[in-house]
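Fold and geometry: a report
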Amino acid sequence: GPATQAEIQAAAASATAVPRFQGGEKIRITVYGEPTLSGDYDIDPNGVVSLPLAGTVRAVGLTQPEFETELAKKFKSEYLKNPKVTVTILQFRPFYIVGEITKAGEFPFKPGLNILTAMALAGGGTYRANRNYVLIQHVGETDMKEYPQSAETMVLPGDLIRVPERYF
């Protein structure tokens, strides 16, 4: 049937969910023309990156452009007139699927993953699985929220996804 107001809001919120850096991710920092400042780094469990020359920079909770700006500021104050910094993620936090799913567990995250692809990776729902919605808890949230089982519902690194039972 037609989507409820709550479903529409959840879909809108999910579609605008922007990946933010998290502890446990591996990243590559490239400073244009500065190979000594460039390299592969881990974001530690506290959400901080330790750079050999620039010290520690907090990454957790920032989007990619925000973190690039922070790094550029840090390098600018120490060494460079006009640093150009890019950050790419080499390894994301995995996501987890539990509930009425064929293979519950931990799965590697890839950018652009939606709930249908994520469920397919986990072997699809069981015969008892709800076909309309899933419950998702994003990192930093304290509870699970309902999202439609559709290609518009995006998965983020570290998500905990629960496929509920349907009612017969």
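The rules behind the values
Note that residues are indexed from 1 along each chain, following the sequence as it is written. Totals for whole chains, interfaces and linings use all residues, but because this is a predicted model, local features are given only for residues with pLDDT of at least 70 and pairs of side-chain atoms are given and counted only at 80 or more. Calculated side-chain values reflect all of the structure's heavy atoms, with hydrogen atoms and water omitted. A pair of strands counts as paired when DSSP detects no fewer than two bridges linking them. For helices the rule is a DSSP run of H or I covering at least 4 residues; for strands it is a run of E covering at least 2, with both sets numbered from the N terminus onward. Inter-axis angles, ranging from 0 to 180 degrees, are taken between N-to-C directions of lines fitted to C-alpha atoms, where helices are fitted over the stretch in contact. Any Lys or Arg side-chain nitrogen located within 4 Å of an Asp or Glu carboxyl oxygen qualifies as a salt bridge. Burial here depends on accessible area, computed with a 1.4 Å probe over protein chains only, as a share of the maximum for the residue type. Under 20% is buried, over 50% is exposed, and the range in between is partly exposed.

Remarks on the sheet that holds strand β8 (residues 133-137)
- Taking strand neighbours across the sheet as the criterion, the five strands line up as β7-β6-β10-β8-β9 in an open arrangement whose pairing is mixed. Each edge of the open sheet is held by one strand with a lone partner, namely β7 (105-107) and β9 (145-148). Strand-to-strand twist in this sheet, taken as the mean axis angle between neighbours without regard to direction, amounts to 30 degrees.
- For strand β6 (residues 95-99) and strand β10 (residues 160-163), the ladder comprises four bridges, and the chain directions are parallel. Its bridge partner being in β10, Val98 is matched across the sheet by Arg162.

Digging into the pattern of salt bridges
- Per the counting criterion, the structure on display carries seven salt bridges.
- Between Arg20 and Glu66 there is a salt bridge, and its shortest N-O distance comes to 3.5 Å. With Arg20 in the loop between α1 (5-15) and β1 (26-31) and Glu66 in helix α2 (residues 64-78), this residue pair connects regions lying 46 residues apart in the sequence.
- The class for Arg20 is partly exposed, based on a relative accessible area of 40%.
- On the basis of relative accessibility, which here comes to 35%, the residue Glu66 falls in the partly exposed class.
- Close ionic contact of Lys73 with Glu70 constitutes a salt bridge, the shortest N to O distance being 3.2 Å.

Nothing here speaks to function; it is geometry throughout.
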